[in-house]
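Structural features, examined
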Amino acid sequence: MIERLPDHGHYKVAIRDDDELALRQRDAERESGRKPSRRAAVDARAWTPERAALTDVADILLTIRSSLEAQRTGKSQKPNPMPRPRLARDRLDAADAYDRHRERVRLMLGRG
C-alpha cells in the first residue's frame with residue numbers, strides 16, 4: 001500500500017529527505033558504479049505531479065527557444081533546466097563535493 005501513496009505526499013517526501021537513507025543509497029550507487037543526477041533546489045513538499053509535468057513542458061519550450069535562437073544567431077546555447085526538488089541525497093552529494101574540493105585545496109597549498 002505504501003508504494004501507492006503519491007510521490008508528493010508527506011511520507012514519500014520524508015523518505016526521500018532522510019539523510020541516513022540517502023547515505024545508504026549513495027554508498028550502494030558507489031559500489032555499483034552509477035553516477036548520481038544533478039538538479040537545482042525546489043521545496044519537495046510543494047512538488048506535485050502537475051508541477052513536475054509543467055516543469056518538463058517548460059524545459060521542452062526552453063530547448064525549442066534555444067534552438068530557434070541558435071538558428072537565428074548561429075550561436076548554440078544549452079538552456080538551464082527548470083529547478084527540481086533538492087533532497088537529502090543532493091545535500092550529501094554537495095557536502096562530498098565540498099569535502100573533495102577542500103582536500104584538493106589542502107594538497108595544493110601543502111598543508112597537512
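Attention here is on the structure that accompanies the text. (Residues numbered from 1 in each chain as written. Predicted model: local features only at pLDDT ≥ 70, side-chain atom pairs only at ≥ 80, totals over all residues. Heavy atoms only, no water.)

**Regarding helix H2 (residues 19-32)**
The first and last C-alpha atoms of H2 sit 20 Å apart over 14 residues, in line with the 20 Å expected at 1.5 Å per residue. Residues of H2 that are buried: Ala-22, Arg-26 and Glu-29. Burial along H2 is one-sided: seen end-on, the buried residues are contained in an arc of 65°. Facing away from the buried side of H2, by more than 90 degrees, are the exposed residues Glu-20, Arg-24 and Glu-31. Of the surrounding elements, those touching the buried residues of H2 are helix H4 (88-109). One side-chain oxygen of the residue at the start of H2 lies 3.0 Å from the amide nitrogen of Glu-20, identifying that residue as Asp-18. Once H2 ends, the next one or two residues include Gly-33, with phi positive near 90°. (Helix = DSSP H or I, 4+ residues; strand = E, 2+ residues; numbered from the N terminus. Expected span 1.5 Å × (residues − 1). Buried < 20%, exposed > 50% of the residue type's maximum accessible area, 1.4 Å probe, protein only. Arc of directions from axis to C-beta. Contact = heavy atoms within 4.5 Å. Polar contact = N/O pair within 3.5 Å; in protein donor to acceptor, adjacent residues only side chain to side chain.)

**Some remarks on the pattern of salt bridges**
Going through the model one piece at a time under the given rule, you end up with 12 salt bridges. A salt bridge links Arg-30 to Asp-96; the nearest nitrogen and oxygen atoms lie 2.7 Å apart. Pair noted here: Arg-30 is in helix H2 and Asp-96 is in helix H4, with a separation of 66 residues, a long-range link. The salt bridge involving Asp-93 is made with Arg-89; its shortest N-O contact spans 3.2 Å. (Salt bridge = Lys/Arg side-chain N within 4 Å of Asp/Glu carboxyl O.)

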